[in-house]
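# Tertiary structure, described
Given next are the chains, with one letter for each unit.
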Amino acid sequence: MGFVAASEHALKIAKIAAQAAYDKKAEDIVLLDVSEHLVITDIFLIVSADNERQVGSVVDAIEAALDLIDVDPIRREGNREGRWVLLDYFDIVVHVQQAEERSLYDLERLWSDCPHIPVELV
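A short tour of the structure in this document, coming up. (Residues numbered from 1 in each chain as written. Predicted model: local features only at pLDDT ≥ 70, side-chain atom pairs only at ≥ 80, totals over all residues. Heavy atoms only, no water.)

### Here's the deal with the packing of aromatic side chains
For the structure shown, the criterion picks out two aromatic pairs. Consider the rings of Phe44 and Trp111, whose centres lie 5.5 Å apart with planes at 85°: the pair is edge-to-face. In this pair, Phe44 sits in strand 2 (residues 43–49) while Trp111 sits in the segment after helix 4 (107–110), placing the two residues 67 residues apart along the sequence. Ring geometry for Trp84 versus Tyr105: centroids 4.9 Å apart, planes at 55°, classification tilted. One end of the pair, Trp84, is in strand 4 (residues 84–88); the other, Tyr105, is in helix 3 (residues 99–105), with 21 residues separating them in the sequence. For Trp84, a relative accessible area of 24% puts it in the partly exposed group. Look at Tyr105 and you get partly exposed, because its relative accessible area is 41%. (Phe/Tyr/Trp six-rings, centres within 6.5 Å; stacked < 30°, edge-to-face > 60°. Helix = DSSP H or I, 4+ residues; strand = E, 2+ residues; numbered from the N terminus. Buried < 20%, exposed > 50% of the residue type's maximum accessible area, 1.4 Å probe, protein only.)

Structure representation (structure tokens):
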């Protein structure tokens, strides 16, 4: 696993976002601590969704969950296509991808030297 250097705030919002994604049946939920490699963010949250509609549902759920704690994205990209939506919350960047995009871009492989952050989802 490796040492997790991400801030407590980033860990808190990442876990809330991961739970919201899980609640909407997102799959393969991965948290990567990229804080030692990137100055712009601490954590990547990467999740898979089955189709365009589910991508939208997962994104909406994450935004709603983080809005409850007054955390709003500074940027949102990819909503039109519904294949890969990126939500930038400064401390975390969320990637909601359909399986084809996830396999093609393979962010976990690109960031394979970053520690995985364990998260318990209920």
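### Re the environment of Gln19
Its location among the elements puts Gln19 in helix 1 (residues 8–23). According to the relative accessible area criterion, Gln19 is buried, its value standing at 18%. The sequence separation of Gln19 and Val122 amounts to 103 residues, and the corresponding C-alpha distance is 7.5 Å. With sequence-adjacent residues up to four places away left out, Gln19 is seen in contact with Glu120, Leu121 and Val122. (Contact = heavy atoms within 4.5 Å.)

### Remarks on the pairing of strand 1 (residues 27–33)
Among the seven residues in strand 1, five count as buried, and that is most of the element. In the sheet, strand 1 pairs with strand 2 via five bridges, with the strands oriented antiparallel. Of the residues in strand 2, the one forming a bridge with Val30 is Ile46. (Pairing = 2+ DSSP bridges.)

### Quick notes on the packing of helix 1 against helix 2 (residues 52–67)
Closest axis-to-axis distance for the helix 1/helix 2 pair is 8 Å, and the angle between their directions is 140°. Here helix 1 is positioned oblique relative to helix 2, judged by the angle of their axes. Crossing of helix 1 against helix 2: the hand is right-handed. For the pair formed by helix 1 and helix 2, the contact residues are Ile13, Ile16, Ala17, Ala20 and Ala21 on the first element and Val58, Ala61, Ile62, Ala65 and Leu66 on the second. (Axes fitted to C-alpha atoms, helices over the stretch in contact; angles between N-to-C directions. Parallel < 35°, antiparallel > 145°, perpendicular 65-115°, else oblique. Left-handed = near helix turned anticlockwise from the far one by under 90°.)

### Digging into the pattern of salt bridges
Under the criterion given, the structure shown has eight salt bridges. Between Glu108 and Arg102 there is a salt bridge, with its nearest N and O atoms 2.2 Å apart. Here Arg109 and Asp106 are joined by a salt bridge, their closest N and O atoms 3.5 Å apart. Residue Asp106 is classed as partly exposed on the basis of its relative accessible area of 26%. (Salt bridge = Lys/Arg side-chain N within 4 Å of Asp/Glu carboxyl O.)

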